[in-house]
Amino acid sequence: MLKLVNIRRKFVSGKQQKLQVLDGINLEIDSGDLISVVGKSGAGKSTLLNIISMLDNQYEGEYFFDDLNIKKMNEKKRFGFRVSNIGYVFQSSNLINEYTVFENVEMPLGYKNVSKKDRRKLVKKVLDDVGLKDKLKNYPVELSGGEQQRVAIARALITKPRLLVADEPTGNLDSKTGKQIMDLICSVRDSGTSVCIVTHDTDISKRTEKIFQLSDGILNEQE
C-alpha cells in the first residue's frame with residue numbers, strides 16, 4: 001500500500017547550517033498493519049509522520065501509495081489524495097473551539113462534495129462508533145480531554161481513510177483515558193485501516209505488531 005524509499009529530510013538551522021533529520025528512511029506499510037515509530041524527543045518522529053501523511057513534500061527520495069508517486073503530484077492533487085486516504089490524529093485534539101462537535105467532525109467532508117443529508121448520517125455514525133453520539137451539539141470546551149481526542153479520532157475517520165496516523169495521541173491524557181484512546185485506535189484496524197502511531201511510550205508501542213526505532217535519522221525495525 002505505502003512505500004517510502006531512501007527518504008531524506010534536511011532543515012536549515014542558524015547561520016544556514018543544514019540539519020539532517022531523516023537520513024535514508026525505508027518503510028513499507030501494508031493494508032491492516034498496526035505499527036509504531038519510537039524514538040527520543042527530537043529524533044524526527046513527527047517529521048517522518050508529516051511526510052507519511054503528505055503534509056510535508058520537501059524531502060528527497062520516493063514515496064509511493066498504491067504505486068502512485070506522491071512526490072510527483074501537484075499540490076492540489078496531493079491534497080485531494082490525502083483527504084481521501086489518510087486520517088491524522090494529533091497530540092492535541094486541534095479542534096476548532098467555535099465549532100460544535102458535529103461541525104468539527106463534518107469538516108473533512110466539505111472537501112469531498114458530500115450532501116448535507118449524507119454528512120449528517122456519516123457524522124452520527126462515526127460519533128456513535130467513538131461513544132459520543134450524545135455530544136453532537138456540544139463545543140470542545142464542554143468536553144473532557146479524552147472526549148476531545150475521541151472527537152479528533154472521529155474527524156480523522158469520517159472519510160473512511162485507508163491509513164490512520166497518530167502523533168503522540170495519548171500524550172496529554174492520564175493513563176486510564178490514554179488506554180481507552182489506544183483501545184479505540186487499535187480497534188480501527190479491524191475494518192482494514194492501517195494504523196501508524198508515533199510515540200515515546202513503550203506501553204503504547206508494545207500494543208502494536210511492528211515497532212520501528214528512529215535514531216540518528218535512521219529507521220530500523222525492532223526484533
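Every chain's residues receive numbers from 1 upward, in the order its sequence appears when written. With the structure being a predicted model, the display of local features is reserved for residues of pLDDT at least 70 and the display and counting of side-chain atom pairs for 80 or more, all residues being used for whole-chain, interface and lining totals. Side-chain numbers here rest on the full set of heavy atoms in the structure, without hydrogens or water.

K.L.:
Can you help me understand the overall build of the chain in this one?
P.N.:
To qualify as a helix, a DSSP run of H or I must reach at least 4 residues; to qualify as a strand, a run of E must reach at least 2; elements of each kind are numbered from the N terminus. Each helix and strand in the chain was counted, giving 7 helices and 10 strands. Atoms counted for the radius of gyration: C-alpha only. Globule rule: 2.2 Å times the number of residues to the power 0.38. Computed over the C-alpha atoms, the radius of gyration of the chain is 18 Å, within 12% of the 17 Å expected from 2.2 N^0.38 for a compact globule of 223 residues. Based on the C-alpha atoms only, the size of the chain along its principal axes is roughly 50 × 40 × 40 Å. Residues counted as buried form 51% of the 223 residues belonging to the chain. Residues are treated as being in contact if the distance between any of their heavy atoms lies within 4.5 Å. Contacts in the chain between residues far apart in sequence, at least 24 positions, make up 69% of those at least 6 positions apart. Each residue is assigned to one of three classes by its accessible area relative to the maximum for its type, calculated with a 1.4 Å probe on protein chains only: buried under 20%, partly exposed between the two thresholds, exposed over 50%.

K.L.:
What should I look at first to understand the sheet that holds strand E1 (residues 2–12) in this one?
P.N.:
The pairing criterion for strands is at least two bridges between them, as found by DSSP. As summarised here, the arrangement of the 4 strands in space is E2-E1-E4-E5, forming an open sheet in which the pairing is antiparallel. What marks the edges here is a single partner per strand, and that holds for strand E2 (18–29) and strand E5 (68–69).

K.L.:
What should I look at first to understand the sheet that holds strand E3 (residues 34–38) in this one?
P.N.:
Sheets are built from strands that pair by backbone hydrogen bonding, the pairs being arranged parallel or antiparallel. The mixed open sheet is built from 6 strands, whose spatial order is E6-E7-E8-E3-E9-E10. Edge positions in the sheet fall to strand E6 (86–89) and strand E10 (218–221), since each of these pairs with one other strand and no more. Each strand axis lies, on average, 20 degrees off the axis of its neighbour in the sheet, ignoring direction. One ladder, built from 4 bridges, connects E3 with strand E9 (residues 210–215); its direction is parallel. Paired with Ser-36 across the bridge in E9 is Ile-211. For helices, the fitted line uses only the C-alpha atoms of the stretch in contact; every axis is such a line through C-alpha atoms, and the angle between N-to-C directions lies from 0 to 180 degrees.

K.L.:
Please explain the packing of aromatic side chains as it appears in this structure.
P.N.:
In this description, an aromatic ring pair is defined by two values, namely the gap between the centres and the angle between the planes. When two rings of Phe, Tyr or Trp (its six-membered ring) have centres within 6.5 Å they constitute a pair, described as stacked for plane angles under 30 degrees, edge-to-face for angles over 60, and tilted for the intermediate range. The tally for this structure, following the rule as stated, stands at 3 aromatic pairs. To sit over a ring, a charge needs its Lys NZ or Arg CZ within 6 Å of the ring centre and within 35 degrees of the ring normal. A cation over a ring is seen here: Lys-71 above Tyr-59, with NZ or CZ 4.4 Å from the ring centre.

K.L.:
Please explain the side chain of Ser-53 as it appears in this structure.
P.N.:
Along the chain, Ser-53 turns up in the loop between helix H1 (45–52) and strand E4 (60–65). Once residues within four sequence positions are removed from consideration, Ser-53 is found in contact with Arg-82, Ile-86, Tyr-88 and Val-165.

K.L.:
Please explain a nonpolar patch on the surface as it appears in this structure.
P.N.:
The patches reported here contain residues having more than 30% relative accessible area and no salt bridge. Joining distances are 9 Å for like charges and 5 Å for nonpolar side chains (Val, Leu, Ile, Met, Phe, Trp, Tyr). Only the protein chains shown count as cover for residues, with accessible areas throughout obtained via the Shrake-Rupley method and a probe of 1.4 Å. Salt bridge, as used here, is a side-chain nitrogen of Lys or Arg placed within 4 Å of a carboxyl oxygen of Asp or Glu. Together, Phe-79, Tyr-99, Met-107 and Tyr-111 make up an exposed nonpolar region whose accessible area comes to about 380 Å². Locating Met-107 in the fold gives a position in the loop between helix H3 (101–106) and helix H4 (116–129). Classification of Met-107 by relative accessible area gives partly exposed; the value is 31%.

K.L.:
It is not clear to me how the nonpolar core should be interpreted in this structure. Could you clarify?
P.N.:
One broad rule of soluble globular proteins: the nonpolar side chains tend to lie buried together. Among the nonpolar cores identified, the biggest contains 34 residues, and Val-105, Val-123, Leu-127, Ile-153, Leu-164, Ile-185 and Ile-197 are the most heavily contacted of them. Elements supplying a minimum of two residues to this core: H3, H4, helix H5 (145–157), strand E7 (163–167), helix H6 (175–188) and strand E8 (194–199). With residues near it in sequence (within four places) discarded, Ile-197 still touches Leu-34, Ile-35, Ser-36, Val-37, Ala-166, Pro-169, Met-182, Ile-185, Ile-204 and Thr-208. The nonpolar core is taken to be a set of buried Ala, Val, Leu, Ile, Met, Phe, Trp, Tyr and Cys residues, with the residues joined through side-chain atoms within 4.5 Å. Core analysis: the next-biggest nonpolar cluster, separate from the first, contains 31 residues, Ile-29, Ile-35, Ile-86 and Leu-219 among them.

K.L.:
Quick question: what am I supposed to make of the layout of surface pockets here?
P.N.:
In this approach the atoms are scanned with a rolling probe the size of a water molecule, which exposes any empty space left behind. The way it works is a 1 Å grid over only the protein atoms, where trapped points that fit a 1.4 Å probe form a cavity and open points with protein on both sides within 12 Å along at least five of seven lines form a pocket, and then any residue with an atom within 4 Å of a point lines it. Grid points are joined across faces, edges and corners, and a volume is the space filled by probe spheres set on the points. Volume-wise, the largest pocket comes out at about 510 Å³. Contributing to the lining of the largest pocket are 17 residues, with Arg-82, Tyr-88, Phe-90, Pro-108 and Arg-155 lying nearest its centre. Elements with a contribution of two residues or more to the lining of the largest pocket: helix H2 (75–85), E6 and H5. Residues are grouped as follows: nonpolar covers Ala, Val, Leu, Ile, Met, Phe, Trp, Tyr, Cys and Pro; charged covers Asp, Glu, Lys and Arg; every other residue, Gly included, is treated as polar. For the lining of the largest pocket, the residue count by class is 11 nonpolar, 4 polar and 2 charged.

K.L.:
Help me understand H6 in this model?
P.N.:
In an α-helix, one turn spans 3.6 residues; hence positions three or four apart end up facing the same way. A helix's residues, less one, multiplied by 1.5 Å, set its expected span. Helix length check: H6, at 14 residues, gives a terminal C-alpha distance of 20 Å against a target of 20 Å (1.5 Å per residue), a fit within 8%. By the burial criterion, the buried members of H6 are Thr-177, Gly-178, Ile-181, Met-182, Leu-184, Ile-185, Cys-186 and Val-188. Contacts from the buried residues of H6 go to E3, H4, H5, E7, E8 and helix H7 (202–205). For H6, the capping residue at the N-terminal end is Asp-174, with a side-chain oxygen 3.1 Å from the backbone nitrogen of Lys-176. Polar contact is defined as a pair of N or O atoms within 3.5 Å, subject to the rule that within protein one atom must be able to donate a hydrogen and the other to accept it, and that residues adjacent in sequence are counted only when both atoms are side-chain atoms.

K.L.:
So what exactly am I meant to see when it comes to the confidence of the model for the chain here?
P.N.:
Interpreting fine coordinate detail is not advised for predicted regions of low pLDDT. In predicted models, pLDDT denotes the confidence assigned by the predictor to each residue on a 0 to 100 scale. Of all residues in the chain, 99% have pLDDT values of 70 or greater, and the mean over the chain is 91. Looking at the elements of the chain, mean pLDDT is at its lowest for H6, recorded as 87, and at its highest for E4, recorded as 96.

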